[in-house]
Amino acid sequence: MNIYSIAETEYSTFIGMNGGMIESPDMKHIIYGRKKDLPGKADMEIWVCDRDLKNHRHIYTGDCGNHNGPSVSFIDNDTVVFRDMSAVHSAIIIMDINTMNIKYKLYAKEGHRAEQGIYPFSISNEDPSLNEAYPTISKPGIYTLDVNSGNIHMIVPAENILDMVREHGLTPNQSTTSVSHVQLNPSATSVMMRLGVTDCPVFGALGCLDIATGKTYMIPDKPVHQLWYDDDTYMATRQFANSKEIEMNTSYIARFTKSGEEVEVLGGICNHIDGNRDRTLFAGDRCYPGYSPDIYVYEKGIKKPVIKIPMNDLQKVIWEYKVHPNPSFSLDGSRLYFNRPISETKTVASYIEI
């Protein structure tokens, strides 16, 4: 099996979150992060190159940690989004890769990726006062940005998130409204988010809102690293905890309804996951303490992998430096991108041909 590096450089390189848009929709460009010093604090550079790995271009320098890199993702063929933590408060940068002009800078928590040109994000208690350029951002909650028109719309105020948790019989805590992994479904008609609640200290809860109707759903002790499978169901890793230690051998990829019913098994052992666009292949990493984070590719419904990508057993890089493989398929399913630590001081954004 050939493993290809996106960039040949002495720097560490990163892709974003699992299931992100590493390639532009027209499959002409790749976006990645680059950092000189993996263990320490160092600038995180944003780079773009052609899909054939030519014409590498540096478009921005910011700062962020290693976990999910700078959360780089394409929105459309010309527009990318990434995270910058160089200021006191974390910002979302949305940029045109051709002109290198910043189209939007929002002090907010990034969402997973855009759908239909609409990008979701969340605002915490201190963020509204930082976004004076965007008067629509008036209070904490979940918002969407229409990247083409510039319209920003609040879809879930923070108080509604608390109400949703209580309505489903769970208990909010101080972090409940600081939501993460905000994701729109493919048609941008529903939004899901990870919620911290008192009742689910290990896995948390997964909330969902149908935007037009306001109908809500909740999965306590949720499956992890969830992504939308289609407009109405999720794909995620089913994990089990034994005395708060998460088991590896019993984990598997499955499909779930918005309320948490398991629809079908999709694959075997995994943690961070993705599925190809046709939902015929699924990838997951064995990212568990004490194991090399090998990546497995599964045919739908079969727990035995058809491809195994061996990874180096670098526990310090994986857990202290928080470099997780985060497998992500290209739109056409012909590539699987991932982070590949190769030493205690370097990780390489890589891919295989499927």
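If you're wondering where the values come from, they're calculated on a predicted model, not measured in any experiment.

**Student:** I would appreciate a short explanation of the overall build of the protein in the present structure.
**Tutor:** Helices and strands together make up the secondary structure of the protein, namely two helices and 30 strands. Scaling as 2.2 N^0.38, a compact globule of 354 residues should have a C-alpha radius of gyration of about 20 Å, and the protein matches this with 19 Å. Among the 354 residues that make up the protein, the fraction classed as buried is 59%. Put simply, of all contacts in the protein between residues at least 6 apart along the chain, 47% involve residues at least 24 apart. For the protein, the exposed area adds up to about 14,200 Å²; of that, 47% sits on carbon and sulfur atoms. Across the protein, the mean location of the 34 positive side-chain charges is 3 Å away from that of the 44 negative side-chain charges.

**Student:** Is there a simple way to think about the packing of aromatic side chains in this case?
**Tutor:** Given two aromatic rings, their pairing is described by the distance between the two centres and the angle made by the two planes. Summed over all chains, the structure comprises seven aromatic pairs. Each ring, one from Phe 121 and one from Tyr 143, has its centre 5.7 Å from the other, and the planes form 10°; the classification is stacked. One end of the pair, Phe 121, is in strand 11 (residues 118–123); the other, Tyr 143, is in strand 12 (residues 141–146), with 22 residues separating them in the sequence. The burial state of Phe 121 is the same as that of Tyr 143; both residues are buried.

**Student:** Whenever I open this one, unusual backbone geometry confuses me. Can you help?
**Tutor:** Negative phi is the rule for most residues except glycine; trans is the rule for most peptide bonds. At Met 27, a position not held by glycine, the phi torsion is positive, near 60°. Mapped onto the fold, Met 27 is located in the loop between strand 2 (12–14) and strand 3 (29–35). For Leu 53, which is not glycine, the phi torsion reads 70° and is therefore positive. Among the structural elements, Leu 53 can be located in the loop between strand 4 (43–50) and strand 5 (57–63). For Leu 53, a relative accessible area of 24% gives the class partly exposed.

**Student:** What exactly am I supposed to notice about the sheet that holds strand 19 (residues 233–238) here?
**Tutor:** Note on sheets: strands pair through backbone hydrogen bonds, and any given pair is parallel or antiparallel. The strand order across the open sheet built from four strands is 18-19-22-23, with neighbouring strands paired in antiparallel fashion. What marks the edges here is a single partner per strand, and that holds for strand 18 (224–228) and strand 23 (262–267). For this sheet, the mean inter-axis angle between neighbouring strands, taken without regard to orientation, is 25°. Here six bridges tie strand 19 to strand 22 (residues 252–257), and the two strands are oriented antiparallel to one another. In the strand pairing of strand 22, Ala 236 is matched with Ala 254.

**Student:** I tried to follow the nonpolar core on my own but got confused; where do I start?
**Tutor:** Nonpolar side chains in soluble globular proteins generally cluster together in the buried interior. In this structure, Ile 142, Val 191, Met 193 and Leu 195 are the most contacted members of the largest nonpolar core, which totals 19 residues. Residue assignment for this core shows that the elements contributing at least two residues are strand 13 (152–157), helix 1 (158–167), strand 14 (180–184), strand 15 (190–195) and strand 16 (205–210). Discounting residues that sit within four places of it in the chain, Ile 142 has contacts with Phe 121, Ser 122, His 153, Met 154, Ile 155, Val 156, Ile 161, Val 179, Val 182, Val 191 and Met 193. Ile 94, Ala 108, Phe 121 and Ile 152 belong to the second-largest nonpolar core, a separate cluster that totals 18 residues.

**Student:** Looking at this structure, how should I read the pattern of salt bridges?
**Tutor:** In a structure, side chains of opposite charge can pair up when their charged atoms sit close to one another. Taken as a whole and assessed by the stated rule, the structure comprises 16 salt bridges. Ionic pairing is found between Glu 264 and Lys 300, a salt bridge with its closest N-O pair at 3.4 Å. Note that Glu 264 is positioned in strand 23 and Lys 300 in the loop between strand 26 (295–299) and strand 27 (307–309), a separation of 36 residues in sequence. We classify Lys 300 as partly exposed; its relative accessible area is 34%. In this structure, Arg 286 and Asp 294 form a salt bridge, with 3.1 Å as the shortest nitrogen-oxygen distance. Both residues of the pair, Arg 286 and Asp 294, count as buried. Linked by salt bridges that have partners in common, Asp 230, Arg 255, Glu 264 and Lys 300 make up one network.

**Student:** I would appreciate a short explanation of the state of the cysteines in the present structure.
**Tutor:** Disulfides are covalent bonds that link the sulfur atoms of two cysteine residues. According to the stated counting rule, one finds zero disulfides in the structure shown. Left without a disulfide partner, Cys 64 is nearest to the cysteine sulfur of Cys 287, which lies 18 Å away. Residue Cys 287 stays outside any disulfide, its sulfur separated by 11 Å from that of Cys 270, the closest cysteine. Looking at Cys 287, the relative accessible area reads 1%, which means it is buried.

**Student:** Would you mind going over the sheet that holds strand 12 with me for this structure?
**Tutor:** The antiparallel open sheet is built from four strands, whose spatial order is 10-11-12-13. Every other strand in the sheet has two partners, leaving strand 10 (109–110) and strand 13 as the edge strands with one partner each. Summarising the sheet, strand 12 and strand 13 pair through five bridges and their orientation is antiparallel. Bridging across to strand 13, Gly 141 finds its partner in Pro 157. Running over the sheet, helix 1 touches strand 12 and strand 13 and is turned about 35° from strand 13.

Calculation notes
- Residues numbered from 1 in each chain as written.
- Predicted model: local features only at pLDDT ≥ 70, side-chain atom pairs only at ≥ 80, totals over all residues.
- Heavy atoms only, no water.
- Helix = DSSP H or I, 4+ residues; strand = E, 2+ residues; numbered from the N terminus.
- Rg over C-alpha atoms; globule rule 2.2 N^0.38 Å.
- Buried < 20%, exposed > 50% of the residue type's maximum accessible area, 1.4 Å probe, protein only.
- Contact = heavy atoms within 4.5 Å.
- Areas by Shrake-Rupley, 256 points an atom, 1.4 Å probe, with all protein chains shown as cover.
- Lys, Arg positive; Asp, Glu negative; His and termini not counted.
- Charge placed at Lys NZ, Arg CZ, Asp CG, Glu CD.
- Phe/Tyr/Trp six-rings, centres within 6.5 Å; stacked < 30°, edge-to-face > 60°.
- Pairing = 2+ DSSP bridges.
- Axes fitted to C-alpha atoms, helices over the stretch in contact; angles between N-to-C directions.
- Core = buried A, V, L, I, M, F, W, Y, C linked by side-chain atoms within 4.5 Å.
- Salt bridge = Lys/Arg side-chain N within 4 Å of Asp/Glu carboxyl O.
- Disulfide = S-S within 2.5 Å.

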